[in-house]
Every structure is written in structure tokens, then in C-alpha cells.
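This is what each chain is made of:
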Amino acid sequence: MKLKAAAAILALAFAAVPARAQVNVCIWGTITGPDALVNGMSYGLRDYLQFLNQTQGGIAGSKVNSLLLDGRYKLDEELKIYRRCVDEENAVFISGWSTGSVKALRDQINNDAVPFMTQSFASEVLDPKKYPYIFMAGPTYEQQMAIAFRDLAARGGKKVVIMSPDNEYGRGPVNVVRQSGIIKQLGLDLVDTVEFRFDAQDLTAQMLRVKSRNPDMVYIQASTPQAIAILRDAAKVGLSAKLFIGNLYTISPTIPEQLGESAEGFRAIQAYAPYGTDIPAMKQIDQFATKATVEKKDIYYMKGWMEGIAIAAAIENAIKTSGGHPSPDIKQFRQVVREQMEAQTNLDDGGITPPLNFVNHQGSVQARIAEINAGKYVPTGEWIDAK
Amino acid sequence: MNTRHLVIVVGVAVLLGLLSLVFGRYGAYLVNAVAIAGIGALSLNLLIGYCGQISFAQGALLGVGAYTAGNLSNAGLGGLTAILGAGVLGAIISALIGIPALRLRGLYFAIATLAAQAILEYLFKILDPITNGVSGLVIKPTSFLGFPMTSDASLVLPSLIILVVVWIAVSRLLRIDLGRAFLVVRESEIVAKGMGIDVAHTKMWAFLISGFIAGMAGALAGFANRLASPEAFTLDLSADYIAMIIIGGLGTWPGPLIGAAFVVLLPEVIQRAGEAAGISDILSALRELVFGSLIILFLIFEPRGLTALLSRLKPRAIGAVPPDSLQATGDGRQPQQRGSR
């Protein structure tokens, strides 16, 4: 009898405590797969949300559930995960990976009305009017290319070669840039575009072709694994790394670590502060690292941390405007989160980028060029407006 | 296929349909994925399991179906027409792939299909006017027999209808002369010739029928993803289909669907198990390892796959037509062992 009474009291006690509100954020990256070397942003975003749980009890009093899934850079897997995030996890915000999947999903994202942070920088998914739920955290691939080309023109260079994998990530932005006419406008000459398989291991033949064109600059629209193969085989045929410049997915300590001297002088577009920089955000990360493991200590982790700051700020503002707790109507709450995300201006992300502004859905369009010098990426100038 | 098998086939379809209702859009997507993979696996099982023609071009054939259906649908044709059109073009391309089979056998022919896969993948990327290149072809939603195919749930019905029809048709095929000829060709082309079977003709029919089914599966995949992209129809997909029929049971009637369900759902099971145990990051990396290990284990210990494992539990329920027997009954009875007559 006593046992029953105790159980009843306990049950009443638990019933009296209101259930703590939760918000779900769903992240898919390429935990495994050909782009796994640059997946730090998936971990960075997840960790920032966990950091908020650790230090502030979540966002505006609501615990954040952050689910990290592996899309494996496979379209069908990513489409499946998206549906899980929207319908099963009831995510208020989704962070998704590949260019191909985001392009495939852009209409569904509109129909589902779910705020979406894309890790792709393809300009074809960035249109606040056409795709009001898709946000990006940096300059588009095309804007990154423009920065590199302007730099070449300023230095008096003429001949450009573009290298890219033969998939959507590679060929899509290259086509957009070619059709835009910016290369000619800058007085440059695109002497060749060299494509290769995304998972190619040997690019010696392609590098011989590049060498035969005698370019002043070779732009790499690819990621770290491909950049490693390119620079390695460029050295093999006698091409200096100084000729090459890559997009923002070619900044990784792995490149100088693996290539050593062969990577010296390689340049890449840098849109975020590197891991370990003396900035307020890094102090947060160090604080987080005392209680948890930081899986990836690189610039992409910083990108993810910055995305976490922006997403959390939007959710926090949405909770405030919804009366201090997340609206139980997930569709309505997603709508408010989207509006709050778009309303963010001059958001301080702890120094990872210049202040963020999501009115244009891009966060920041500032970037600079960094060069490998003595095994480390060193900025060669100030932040440039990619527009 | 006997009445009991028919009941099982329809029962499985009804069960899948109910699951899609219970588990919402995500469940519907998974049911679609299993049904589409099942149709594609039935197609490959017909070619490899019944006719003995090893093909690594299944992924590309599905791609042909997806692009064809996408173009037809975008041109304003209905879903059924688009699916049938995809089947027809799939059959034609499959027959073209099969031409080398008239002169090549075994491993040599398999290499030829590998080349066909590579060529088709390349064509998907460069035939911009009909494939939209690497960007992929966005497929507008259409309707199937008057029902709009605008959501995952609305695709379940056409997928299951086609699965059931194909499943029954393939099973019935084994009861007619052509189906029996497939089995004889699989066992020995010399014996087939000796029996008066036109081997080239028989092989070509296998490619045509298999290609037609694969084209329809590709069409459904295109409608499900609303995109036909070269990245979706690579050699990896062909390998997945071969894994499905090996794991399910090569040359068995329920094997393709069992294998399809296994291959489609295994990553999901591993993912959920990892999440429950808090080790999803680690298990993610192990998924491919588990997958590969299972194929090796099946090849070593039970080449007839899950179907044979299930048949040990309930022998009369499974109608296997294993490669070591010519007695294709097609009625679910276990074939007689060699030398038993």
C-alpha cells in the first residue's frame, strides 16, 4: 500500500512539472564519402547547439536536439534524410549538404516551408524570392571565382584554366561563370576547362594538359581531396603550386600536411577565421572542448559554429516573438524562424566572419585570399566584398 | 506461381501500403524505395538469376527509364504513358547492351556491360538537351490513372501496382517455354542448342524483358526523386542491385524483393541502432563494411541468400530455382535434385 502511495505521489510530482520545450535541428553532412575531409561544419553546427545546451540550457529556455546524419554524398540517401528531418524529426531548421541534393530539393523545401541552411554555395539555390527558405553562409562559388579572377587581372595575368569535377558541384558554377562573361570583362582569357572524376586518384594526364596551356592561373572548383591530387600531380609535371587557387573548400591543414613543400604558395578563398584564431568564438569553442571532444579542428568547423550562431539567434528571436516558447504548430514556428533568420542584420558571430546579414540569405559575402606559407594558410590581404 | 504465392505477393503489397499510411511521408518514401528497388531487382534477377547473363549496367538502365519518363512527363504525358515509354526505351537500350552477349560469355560479357554502364553515365552528363547534363532533369509531377503523383504517399499506389504486376508476370514467365528456355541457357548454351533452343533469340528476349522492367523502375525512381541526375545512376547503384539479388537469393521468386528490402533498409537499421547506442558517427563509417561483409558471407555460406535461409524455416513457402537445377516448376515446389530421377 505504501509503495502504491509513493508511486502515486511520484507520478503527481512529475505531472506537476511542465514538460520542457524542445526544438529540433537536423543536420546532414558527408560523415563518410568523398567530401568527408571538409565536413567540419556539420560538427561545428551540432557542437554550437550542444554548447548552448551546456551553458544556457538551450535556446531561450528550450533544449535543442541536434541530430547529425550521414548523407554519404549520395543523392538518394540525402533525399531520404531530408524527409526524415522534415516529417519525423519535425526539425525547425535543416542543414543539408551536396549541391545536387539541394538543387533536387529546392522546390520541396518551398512546399514544406522549412528553413534550410545549404552547405552548397551554388548560386542556383540562392534566390530569396524564389527560394525564401534556403540560406547560405558565405559567397557563392561564382563570387569566389570572381575574387580570384579580379586578383589575377590586378596582377596583370591573362590566361586562366579552370579545373573541376564532372558533377554538379564542379560543372554547374563553372558554366554560370562562363556564361556571365565576367572573364572577358576582366580582360582575361579562359584557355581551357579541365574536368575530372570527383573520385579520381591520378590526375597526371590532366596536369600535362594544363601545363601545355601555359596558364597564369589555374582555378580549382573542387574540394580538399581533389586539390591534394591536383597539387601532387602538378608537382609531378613541374607546375608550381603558386599557379593554383582553390575555392573555400580547399582550405585544410591536410593539404600542407600531406604535400609539404609541393603545397607552398597554393592559394585559396578564405571566408572564415581559421581554427585557433584569437577571436571570441574560439574562446567559446575552447570552453566547449573542456567538456566535449571537438571532432574537426579546421576552418569548416568554424563555419559550422558560425552557422550555429546564426540559426540559434533566429530560433531565439522566433521563440521570443512566439510568447517565450516554441509554437506547438511546427509549420507556423518554422515560418517565424525563417522570418527571424531573414531579419538578422549585423549579427556578431564572434569574429569568425565580418558581421552577418541574412537579408540577402547569404550571411556574409566577404572573403579574402589565403596562401600556404611555411605550411600554414596566411591571408594575403584584407576582406574583399565578393559582390 | 500458385495461389498461395499470389496471396503472399498481394499480401506483401497491401502490408507495404499500410506501412506507408502508418508511418507518414517518411514511411511512404521508404516503401516506395523498397518497391522500386524490388522492381529493379526482379528485372536483374530475370537476367542474371534465370538467364545467366551477368550485367553491371542495371544502374544506367534505371537512369534511362528516369530520363525518359521525365522528358515524357515534362512534355505533358500522363504517368502511365511515361512509365511505359520508359520501359520501352529501357528495353531497347537493354537489347543494345545485350548484343555483345551473342558473342561473349561470362566474365567477358560482364566487362562489356561495365563498359555500357560507363558509356551511359557519360551520355547522361553530356546529352544536355534531353538530360540537362550534370544538373539533372527536374521532373514535374504528373498523374497516374487520374491520381496525382505529387507526394511520396501518392506514389505508393503506382509503385505497388507495378511491383505486383511485374512480380506475377516474371513468375508466370517461368511456366512458359521462353522462361524455361532462359533456365536452359543459364545452365548450358550447348545443351540449349542441342535441345533446339535459339540461344541468341532467347538471350535477346531476356534483355528486352529485363530492360523493360528496369526502365519502369527507373521511371518510378525519377518520379519519387523528382529529378533524374547522373549522380543517382552510377556503378554503385548497379552494385547495389547485384547485392540485392545475391543477398535475397539468385534465381528465386521472392529473393529480389527480400534482397531489395534488406539493402534499402539495412542502412536505416544500422543508423537507428547507432543513434540508440549513441555511436551513430562510428556506425556510419561501418555501414559499407557491414554491407560488404554480408555479401561475402552469403556468397561463402549461403549462395542462395535469405530465401534459402527462410526456406529452411518453412521449406514449402519458397519456390527457389537454384542454379544447380533445371527443374523450373514455377509453382513454388522445390525442384528435384540432380540424379533423383
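Given the structure is predicted, the values throughout are model-derived calculations rather than measurements.

Undergrad: Which residues make up the pattern of salt bridges, and what are the values?
TA: Oppositely charged side chains can pair when the atoms bearing their charge come close. Taken as a whole, this structure holds 31 salt bridges over all chains when the rule is applied. Of the charged contacts in the structure, one is a salt bridge between E342(A) and R338(A), with a shortest N-O distance of 3.1 Å. Here R338(A) and E342(A) lie together in helix 13 (residues 330-342), a separation of four residues that amounts to about one turn. With relative accessibility at 10%, the residue R338(A) sits in the buried group. Here the salt bridges share partners, and the residues they tie into one network are R72(A), E77(A), K80(A), E88(A), E268(B) and R272(B).

Undergrad: So what's going on with helix 3 (residues 75-88) of chain A? Which residues, and what values?
TA: Residue and element names in this part refer to chain A. Across its 14 residues, helix 3 extends 19 Å between first and last C-alpha, which sits within 8% of the 20 Å expected from 1.5 Å per residue. Burial analysis of helix 3 places 11 of its 14 residues in the buried class, the great majority of the element. Those residues of helix 3 that fall on the buried side of the exposure criterion are L75, E77, E78, L79, K80, I81, Y82, R83, R84, C85 and V86. Immediately beyond the C-terminal end of helix 3, within one or two residues, lies N90, with a positive phi of roughly 50°.

Undergrad: Tell me about unusual backbone geometry, and name the residues and values.
TA: In the Ramachandran plot, H361(A) falls in the positive-phi region, its phi being about 70° despite a non-glycine side chain. Within the element layout of this structure, H361(A) appears in the loop between helix 13 and strand 11 (366-373). Given the relative accessible area of 0%, H361(A) is considered buried. The phi dihedral of R226(B) is positive, around 55°, even though this residue is not glycine. Note on placement: R226(B) falls in the loop between helix 10 (199-225) and strand 4 (227-228). Owing to a relative accessible area of 18%, R226(B) belongs among the buried residues under this scheme.

Undergrad: So what's going on with the sheet that holds strand 2 (residues 63-70) of chain A? Residues and values would help.
TA: All names here are of chain A. A sheet is described by the order of its strands in space; here five strands give the open sequence 2-1-3-4-5, paired in parallel fashion. Strand pairing shows two members of the sheet lacking a second neighbour, strand 2 and strand 5 (134-136), which therefore form its edges. Recorded for the sheet is a direction-independent mean angle of 20° between the axes of neighbouring strands. Pairing geometry for strand 1 (residues 22-29) and strand 2, over eight bridges, is parallel. Along strand 2, the bridge assignment pairs I27 with L68.

Undergrad: Can you break down the packing of helix 8 (residues 177-187) of chain B against helix 10 of chain B residue by residue, with the values?
TA: All names here are of chain B. Relative to each other, helix 8 and helix 10 sit at 110°, their axes nearing to 10 Å. By the criterion of interaxial angle, the relationship of helix 8 to helix 10 is roughly perpendicular. For the pair formed by helix 8 and helix 10, the contact residues are L178, A181, F182 and V185 on the first element and V199, T202, K203, W205, A206 and I209 on the second. Here the contact of helix 8 with helix 10 is built from residues that sort into eight nonpolar, one polar and one charged.

Undergrad: Help me get a handle on the state of the cysteines, residues and values and all.
TA: Residues and elements named next belong to chain A. Tallied over the full model, the rule gives one disulfide over all chains. The disulfide partner of C26 is C85, and the gap between their sulfur atoms is 2.1 Å. A torsion of -55° about the S-S bond marks the disulfide between C26 and C85 as left-handed. In this pair, C26 sits in strand 1 while C85 sits in helix 3, placing the two residues 59 residues apart along the sequence. Judged on exposure class, the residue C26 and its partner C85 are both buried.

Undergrad: So what about the interface of chain A and chain B? Which residues, and what values?
TA: Opposite the 34 residues of chain A that make contact, chain B presents 30 residues. Summing both sides of the interface, chain A and chain B together bury roughly 2,700 Å²; the carbon and sulfur share of this comes to 43%. The largest contributions to the chain A side of the interface with chain B come from K80(A), R83(A) and R84(A), which together make up 22% of the buried area. At the junction of chain A and chain B, the tally comes to eight salt bridges. A salt bridge links D240(B) to K74(A); the shortest N-O distance between them is 4.0 Å. Counting only elements with at least two residues in the side of chain A that touches chain B, the list comes to helix 2 (40-56), strand 2, helix 3, helix 4 (99-112) and helix 6 (168-180) of chain A. When residues in the side of chain A that touches chain B are grouped by element, the largest group, 11 residues, is from helix 3 of chain A.

Undergrad: Explain the packing of aromatic side chains residue by residue, including any values.
TA: All names here are of chain A. Counted under the stated rule, the structure contains 20 aromatic pairs over all chains. Aromatic side chains Y48 and W305 sit 5.2 Å apart centroid to centroid with 75° between the ring planes, which places their arrangement in the edge-to-face category. Taken together, the residues Y48 in helix 2 and W305 in helix 12 (residues 299-321) connect sequence positions 257 residues apart. Relative accessible area serves as the criterion here: at 0%, W305 is assigned to the buried category. Sitting over the ring of W383, R368 keeps its end group 4.1 Å from the ring centre.

Undergrad: Explain the packing of helix 12 (residues 255-277) of chain B against helix 13 (residues 280-301) of chain B residue by residue, including any values.
TA: All names here are of chain B. At a minimum axis separation of 9 Å, helix 12 and helix 13 run at an interaxial angle of 150°. For the element pair helix 12 and helix 13, the recorded crossing hand is right-handed. Between helix 12 and helix 13, the contacting residues are F262, V263, L266, P267, I270, Q271, A273, G274 and E275 on the first element and S280, L283, S284, R287, V290, F291 and L294 on the second. Its residues assigned to classes, the contact of helix 12 with helix 13 shows 10 nonpolar, four polar and two charged.

Undergrad: Before we move on, could you go through a nonpolar patch on the surface and cite the residues and values that matter?
TA: Together, L6(B), V10(B), V14(B), L15(B), L18(B), L19(B), L21(B), V22(B) and F23(B) make up a nonpolar patch on the protein surface, roughly 860 Å² of accessible area in all. On the secondary structure map, L6(B) appears in helix 1 (residues 3-22).

Undergrad: Lay out the side chain of T140(A) with the relevant residues and their values.
TA: Here T140(A) lies in the loop between strand 5 and helix 5 (141-154). With sequence-adjacent residues up to four places away left out, T140(A) is seen in contact with F121(A), S123(A), L126(A) and Q362(A).

Thresholds, definitions, all that
- Residues numbered from 1 in each chain as written.
- Chains lettered and ligands numbered in written order.
- Predicted model: local features only at pLDDT ≥ 70, side-chain atom pairs only at ≥ 80, totals over all residues.
- Heavy atoms only, no water.
- Salt bridge = Lys/Arg side-chain N within 4 Å of Asp/Glu carboxyl O.
- Helix = DSSP H or I, 4+ residues; strand = E, 2+ residues; numbered from the N terminus.
- Buried < 20%, exposed > 50% of the residue type's maximum accessible area, 1.4 Å probe, protein only.
- Expected span 1.5 Å × (residues − 1).
- Pairing = 2+ DSSP bridges.
- Axes fitted to C-alpha atoms, helices over the stretch in contact; angles between N-to-C directions.
- Parallel < 35°, antiparallel > 145°, perpendicular 65-115°, else oblique.
- Contact = heavy atoms within 4.5 Å.
- Nonpolar A, V, L, I, M, F, W, Y, C, P; charged D, E, K, R; others polar.
- Disulfide = S-S within 2.5 Å.
- Buried area = accessible area lost by both parts, 1.4 Å probe.
- Phe/Tyr/Trp six-rings, centres within 6.5 Å; stacked < 30°, edge-to-face > 60°.
- Lys NZ or Arg CZ within 6 Å of the ring centre and 35° of its normal.
- Left-handed = near helix turned anticlockwise from the far one by under 90°.
- Patch = residues over 30% accessible without salt bridge, like charges linked within 9 Å, V, L, I, M, F, W, Y side chains within 5 Å.
- Areas by Shrake-Rupley, 256 points an atom, 1.4 Å probe, with all protein chains shown as cover.

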